[in-house]
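One-letter residues, chain by chain:
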Amino acid sequence: MVAQTRHAGQPSPKKLAFREKLVTKGQSNDALLKKLKTLHSELAEMDQDLVDMNSLSNVRKELVNSSIMLHKDRGVKAYAACCMADVLRLYAPDAPYTQAELRDIFQFFFKQLSNNLKSSDVTYYNQYFHLLESLSTVQSVVLVCDLPNADEVILGIFRDLFAVVRRDLPKKIETFMADILVAIVNESSSLSGDVLEVIMAQFMDKNARVEQPAYRLTVNVCNQTADKLQRNVALYFTDNIVSNSEEEDFEQIRTAHDLIKRVHASCPDLLPSVIPQLEEELHADASTLRAIATQVLGEMFSDKAGGDLARNHPSTWNAWLGRKADKSPAVRLKFVEASKGLYSMPIEMTEVIESALNGKLLDPDEKIRAAVCKIYSQLDYETAVHHLSEHHLKAIAGRVADKKSAVRFEAANSLAKLYSLAYPEIENNNLIAISKFSWIPDELLRMTTIVVDCRTVVEQVLSEYILPLPPYTPNPLNDRVAEVDETAWTDRLLNVMRYLTDQSITALIVLSNLKPNRPTAIDVFVDACVQYNGGVIDENEEKVTQKLNKIIELVSAYFPDPAKMKDDLKTFAKFNEPRLYKLLKICLNVDTDLKGLVKAQHDFIRRSEQNSSTITSSMTALLRRGSLHIMNTSSIPTLLQRLQRAHGTTMTKTNLAANHAQVLLTNIAKFCPPLLKPHVDEIITVVEDGKNDKTVVVGLQALASLVKLDPLLVPMSSSTVEVIQKHALGSNHRHSKFAARTFAFCEQKDNICGAVVESIADSLNEASEDQLVAHLVSLGQFARFVPDAFEQKSDVITAFLLRKLLMVPSQLPDDVEDDGEEWVEDDEVSDNLKAKIAALKVLRYRTISHANSKNAIDISTPVLKMLVTVLDRGGSLAGNDAIEEDRKALSRIRLQAAISLMYLSTIPTYAEALAPKFLRLALTVQDTCFNVRMSFLQKLLPLLFYRKLPAKYHLILFLTAHDPEEDIKQKAAAAVSGLLKKLPPDSRTENLEFIFIRLLHLLAHHPDFAVSRSELQDIAKYVQFYLELIGSEETISLLYHLASKGKTVRDPESQVYSENLYAMCEIAQELIKLRAQHNNWTIPTYPGKIKLPPDIIRPQPNAEIANKIAKQTFLPEDASSWIAEIVATVPKEKKERKVPTKRKAPTTNGHSKRSRKKRKPVDSSDEEQFDGLTDATDVEMSDGPPVPYVDDGEESPAEEQLGRGARSKAKARAKRKSKTSRKAGTPSSDA
């Protein structure tokens, strides 16, 4: 029988053919190296399962001989290492070596790699590659885990491999290393702290990124061994945090938490046992530790694994969200700062964090409010458009009105940056971008009309992100600016205006710097710097220095930080650098075009920064306040082109751009006509061509402004005169107005104006209604600017105005029913009503033009009486009570009468004549019609700001205390705040503080005054309103003194009014004492002497009566208690200023008032200034803050009460029509 093998068909074990001795005396390096190569070649080819182990006995023993392992030749050691690795592979899983030998072998392996594997180009690279590959695939390296000193060997392996991997080696090598380390970690029963330190050290580099091999190796190993490392990592961090918990600076704890954050970013599976520790820290007693944990968890929730973290650890997520309400501001701040990245997380996390941040916008700590707002300046467009809700953006916009400047800046800056990112999409009519971001400029501009303090920050973000100047691009061939795209710059302005309301457009015009009278205060400052000459002054040194200090004081007063601006302006003046002065003058010059402005501004800021970087921000703000950086003379051609493209009435994008071009050109003509000087020929062509009504109106207004500026600017050829005369005698009142004004200032006015006036006067009786309006508007211009021409026919004209117009009842047409309203919108005003309003203006202009003539009183007396009669009769001069007149027309007429009386009061002679009727005029601000009240207030404010009216007219602002509409009261209050900032100390005292006694006297004569408790409470609220605005620790002494002095005099009219005055003085004293007590103020005795106004009060006839009155009390016994109730309703300090919102208005005294409707702002183009005043409708001072305008577009839902007496007999005021300026949205495409 034939003998059988152990396994039929299986090859017999292969014996090692190599029989040579490796260790022999006297052999050369080459001989040994040759033997090792031969051995390695054979071993590498042998199969583990088909090898005769006995044949390997000799070589395995010789390989670990010290003569080989310590050999000096690198090649010998490289091949020896490969042979050893092969032996271990063939003997696997058992090792043919003792533990000591294994330790030496593995240390030998990694020493070779560490010392010699420096790049893929080194000698013996293939052998090192083979060694690593063998250790990786066979995983014989796990044998080290069983060695007695395994921790030491493993630590060496980790250190060596992390050192080697940093070299420029192929990624395959990195893979082998990862396999080796993973095998060691998985096989080890536990890893030493030193090994974990080596692993964690790879995460500690703040610049570590996936492109770095060491970091990549660490991430690879950790992710593959996460289950094994979790416990070690948890212990590592726990020990680290606990051992450093007693440190005061928490520096080591911060380092540990930063490490946790970086580990989570790449290896989140390492940290499941660490997260509960962080959650526990969120509730720690130490606020610093809570802040550290809050920050690191927030950043962990924000990274790519944050969604899984929140889902896997919901309690930690909720605990972290709870830090939004932490008692420590530092913790709340860290919560906010760490929230930014969450906007790119899943929607459920985004919604929760947005809700949390929405609440933090009202946090009592300003740093937290600012931090919330700042988050959104760091978002990219895609994140903002997809993850940020419009509701939350609107909440951020509300912070632009914050009382803290840092919050205002961050809110405005974030919104403006987001708009800048979205602008290309808005320009391309992307509906999502339009819906979410197009409203931002409108909201920012609206804020400047509500909160004076936010103007500077809105100016900044407007110029940086919303309407920036073209970038400075130098021409490589010279030092000049490369060409700028003036058309694109102007079109961006028109595109932004597509989504602005009329209110915001008005604010934009204010910020454009068109309105200030020139030279402005900044121009004067530059001239003062030149004269100051850096302090080296040859003559009049004191005068020059005083002038500079005074103008610096004036300019700096209109910036948020007047002290810093003052210091920076002084620093600038000390530079004494003529080049800087020249550049600043170029920027301020109205003749500078866009290209020149871009270069001059760039050079100015650069040179200022070179001189002193600390003043750069102030000088940049000064530039924004003084230069024409929104529109200038370079804008005119593009605006004229867009205007001429208008066609039809459909609100297309083209027509909307034409409308806005018309608005801009109208304001340029009105406030800054020098911009038009280079474009006279184009303007004349526009008028003569007459393509559409808009171009003709704008062209005529431009010509009128230019000829008023300088008659020589407009060449009046016969054809031009003929065209203008046709418009002056035409039926379009806007054309007639500006045509007449052009004639009134042209060189040939003496020949032309008289003939035109005579022609108009002769045709008044036969003129149609629309032509009559146009004729009266023309006559108003002639009466205003060329009174001699008007006087040729003044008797005929005034007789016609009174008998044929003003004294004729304003009846409703037969086919129109009375709808109970008291206001008619501009576009619905009848020609008859327009004619009556124009007639009042003609009479007013005539009176004003004769103010300095000998017969001023003769001309003015009948006009003044007539206007007062119109007020007394509610708007009628008909004198026939049997005829019911149109209430809408009466409201318009009495408004115009009140405005005319107010303008006439700017002339001292007329103001004195009107003094007895001041109360009646002042009560216009309490008219039953909202529109009358608001329009009257709008006309009053600029006259007060320019100090054109007597001091007592400031009282009208305080009569808004009971207005049922918050926006009127807010507008008046904001105006008072603006005046307090603007007026110098002496004027402030005269116009706002000394008038307190006049206020008490006026209230004593108020129709609502009565001695019952309810009436006195309501009257007292006027005083309280005044004290809230004017009463301060500095003024309280004077106000109390004035109230006390009121009981030492008498009213000249009657004893009843005197007693009313005494009651008001007692109310005022009580309110002042309560206010002082409320704010912990003392009321010192006023040190000065005061002369009370003799026109309203008289001294007591004798001392006996004076003493009697001083001892007598004129208020009811319980007055102290109910006066205290008035003060109790006033918060001690408002934590936040919020944008005014519509609420139920407070009940005052009298009959209920209907809620009013919104209306378009009254067209102010016909209410232009006189006697050098820029514009009566303007709320902007030269280089000063605007008077705020509040109009937030909502209806007041409540029925309100206005007052008893004369007020309670008034008719219910009208609703204003909800005709706010239309936000354009996305206009239909042009056909």
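If you look the protein chain up in an unreviewed UniProt entry, it shows as Armadillo-type protein from Lentinula boryana. Of the protein chain, the UniProt comment under Subcellular location (unreviewed entry) reads exactly: "Nucleus".

S.K.: Before we move on, can you summarise the overall build of the protein chain with the specific residues and values?
M.R.: Across its full length, the protein chain holds 58 helices and 4 strands. For the protein chain, the proportion of contacts with a sequence separation of at least 24, taken over those separated by at least 6, is 78%. Accessible surface, the protein chain as shown: approximately 52200 Å² in total, 48% of it carbon and sulfur.

S.K.: Tell me about the side chain of arginine 894, residues and numbers included.
M.R.: Within the secondary structure, arginine 894 is located in helix 46 (residues 887-904). A distance of 3.1 Å separates a polar side-chain atom of arginine 894 from the backbone oxygen of glycine 874. One polar contact links arginine 894 to aspartate 927, side chain to side chain, over a distance of 2.6 Å. Apart from residues no more than four positions distant in its own chain, arginine 894 is found in contact with Glu822, Val870, Leu871, Gly874, Gly875, Asp927, Thr928 and Cys929.

S.K.: Give a detailed account of the state of the cysteines, specifying residues and quantitative values.
M.R.: One way to say it: the disulfide is the covalent bond shared by the sulfur atoms of two cysteines. Across all of its chains, the model carries 0 disulfides by this definition. Distance from the sulfur of cysteine 82, which forms no disulfide, to the nearest cysteine sulfur (cysteine 83) is 6.8 Å. Cysteine 82 gets classed as buried once you look at its relative accessible area, which sits at 0%.

S.K.: Any chance you could break down unusual backbone geometry for me, citing the residues and the numbers?
M.R.: Among all residues except glycine, the phi angle is most often negative; among peptide bonds, the trans geometry is most common. A cis geometry characterises the amide bond from alanine 92 onward to proline 93, with omega recorded as 10 degrees. Looking at where proline 93 falls in the secondary structure, it is placed in the loop between helix 4 (74-91) and helix 5 (99-116). With an omega of 5 degrees, the peptide bond running from arginine 518 to proline 519 counts as cis. Mapping proline 519 onto the fold places it in the loop between helix 27 (502-511) and helix 28 (521-532). With a phi angle near 60 degrees, glutamine 139 is a residue other than glycine that sits in the positive phi range. Locating glutamine 139 in the fold gives a position in the loop between helix 6 (125-138) and helix 7 (150-164). For glutamine 139, a relative accessible area of 37% translates into the label partly exposed. In this structure, asparagine 513 takes a positive phi of about 70 degrees despite not being glycine.

S.K.: Describe in detail the environment of isoleucine 1067, supporting the description with residues and values.
M.R.: Its location among the elements puts isoleucine 1067 in helix 56 (residues 1055-1078). Placed 48 residues apart in sequence, isoleucine 1067 and leucine 1115 show a C-alpha to C-alpha distance of 7.8 Å. Residues contacting isoleucine 1067, with those up to four places away along its chain left out, are Leu1016, Ala1020, Leu1115 and Ile1123.

S.K.: Provide a residue-level description of the packing of aromatic side chains, including the pertinent values.
M.R.: As enumerated under the stated definition, the model contains 24 aromatic pairs in all. Between the aromatic rings of phenylalanine 158 and phenylalanine 162, the centroid separation amounts to 6.3 Å while the plane-to-plane angle is 40 degrees, which identifies the pairing as tilted. Pair noted here: phenylalanine 158 and phenylalanine 162 are both in helix 7, with a separation of 4 residues, about one helical turn. An aromatic cluster is defined as three or more aromatic residues linked by ring pairs; in this entry it consists of Phe525, Phe572, Phe575, Tyr581 and Phe604. If you follow lysine 394 out to its NZ or CZ, it ends over the ring of tryptophan 439, 4.7 Å from the centre.

S.K.: Give a description of the pattern of salt bridges that names residues and reports values.
M.R.: For the structure shown, the criterion picks out 37 salt bridges. For the salt bridge of aspartate 927 with arginine 894, the shortest nitrogen-to-oxygen distance reads 2.6 Å. Of this pair, aspartate 927 sits in the loop between helix 48 (918-922) and helix 49 (930-945) while arginine 894 sits in helix 46, and the two are 33 residues apart along the sequence. Owing to a relative accessible area of 10%, arginine 894 belongs among the buried residues under this scheme. Because the salt bridges share partners, they merge into one network encompassing Arg290, Arg323 and Asp326.

S.K.: I'd like to hear about the nonpolar core, residue by residue, with values.
M.R.: Membership of the largest hydrophobic core comes to 366 residues, with the highest contact counts inside it found for Phe109, Trp320, Phe743 and Phe996. Of all the elements, helix 4 adds the most residues to this core, at 12 residues. Excluding residues within four positions of it along the chain, phenylalanine 996 makes contact with Val1023, Tyr1026, Leu1027, Leu1039, Leu1042, Ala1043, Ala1068 and Ile1072. In this structure, Ala528, Leu548, Ala573 and Leu594 belong to the second largest nonpolar core, which totals 37 residues.

S.K.: Just give me the short version of the environment of glutamate 758, but keep the residues and values in it.
M.R.: With respect to the helices and strands, glutamate 758 occurs in helix 40 (residues 749-763). Looking at glutamate 758, the relative accessible area reads 38%, which means it is partly exposed. Measuring from C-alpha to C-alpha, the distance between glutamate 758 and isoleucine 797 comes to 10.0 Å, with 39 residues separating the pair along the chain.

S.K.: Got a sec to walk through the packing of helix 36 (residues 680-689) against helix 37 (residues 693-709)? Specific residues and values, please.
M.R.: Taken N-terminus to C-terminus, the directions of helix 36 and helix 37 make an angle of 135 degrees; their axes are 8 Å apart at the nearest point. Taken together, the axes of helix 36 and helix 37 lie oblique to each other. When you trace helix 36 past helix 37, the crossing you get is left-handed. Mapping the contact onto sequence places Val680, Ile683, Ile684, Val686 and Val687 in helix 36 and Thr695, Gly699, Leu700, Ala702, Leu703 and Leu706 in helix 37. Residues belonging to the contact of helix 36 with helix 37 are distributed by class as follows: 9 nonpolar, 2 polar and no charged.

S.K.: Describe in detail helix 54 (residues 1013-1030), supporting the description with residues and values.
M.R.: Residue pairs three or four apart in sequence face the same way in an α-helix, which turns once every 3.6 residues. With 18 residues, helix 54 should reach 26 Å at 1.5 Å per residue; the first-to-last C-alpha distance of 25 Å fits that figure. Of all 18 residues in helix 54, 14 are buried; the element is thus mostly enclosed.

About the cut-offs
- Counting restarts for each chain, with residues numbered from 1 along the sequence as it is written.
- Restriction of local features to residues with pLDDT of at least 70 applies here, the model being predicted, together with a cutoff of 80 or more for giving and counting side-chain atom pairs; totals for whole chains, interfaces and linings are based on all residues.
- Calculated side-chain values reflect all of the structure's heavy atoms, with hydrogen atoms and water omitted.
- UniProt positions are given in the numbering used here, feature names are shortened, and annotations may be inferred rather than shown by experiment.
- Helix numbers and strand numbers start at the N terminus; a helix is a DSSP run of H or I with at least 4 residues, a strand a run of E with at least 2.
- Contacts were defined at the residue level, with two residues in contact if any of their heavy atoms lie within 4.5 Å.
- Throughout, the Shrake-Rupley method with a 1.4 Å probe supplies accessible areas, and for residues the shown protein chains are the sole cover considered.
- Polar contacts here mean pairs of N or O atoms no more than 3.5 Å apart (in protein, one a potential hydrogen donor and the other a potential acceptor; neighbouring residues in sequence count only if both atoms are side-chain atoms).
- Any pair of cysteine sulfurs within 2.5 Å is marked as a disulfide.
- Each residue is assigned to one of three classes by its accessible area relative to the maximum for its type, calculated with a 1.4 Å probe on protein chains only: buried under 20%, partly exposed between the two thresholds, exposed over 50%.
- Each aromatic pair joins two rings of Phe, Tyr and Trp (for Trp, the six-membered one) with centres within 6.5 Å, and gets the label stacked for planes under 30 degrees apart, edge-to-face for over 60, and tilted for any other angle.
- A positively charged side chain is recorded as over a ring if its NZ (Lys) or CZ (Arg) lies within 6 Å of the ring centre. The angle to the ring normal must also be within 35 degrees.
- A carboxyl oxygen of Asp or Glu within 4 Å of a side-chain nitrogen of Lys or Arg is what we treat as a salt bridge.
- Note on terminology: a nonpolar core comprises buried Ala, Val, Leu, Ile, Met, Phe, Trp, Tyr and Cys residues joined through side-chain atoms within 4.5 Å.
- Axis geometry follows a simple rule: fit a line to the C-alpha atoms, using only the stretch in contact for helices, then measure angles between N-to-C directions, giving values from 0 to 180 degrees.
- Working definition: roughly parallel below 35 degrees, roughly antiparallel above 145 degrees, roughly perpendicular at 65 to 115 degrees, and oblique for all remaining angles.
- In this scheme the handedness of a crossing depends on how the near helix is turned from the far one: anticlockwise by less than a right angle means left-handed, clockwise means right-handed.
- Classification used: nonpolar for Ala, Val, Leu, Ile, Met, Phe, Trp, Tyr, Cys and Pro, charged for Asp, Glu, Lys and Arg, polar for all others including Gly.
- Multiplying one less than the number of residues by 1.5 Å gives the expected span of a helix.

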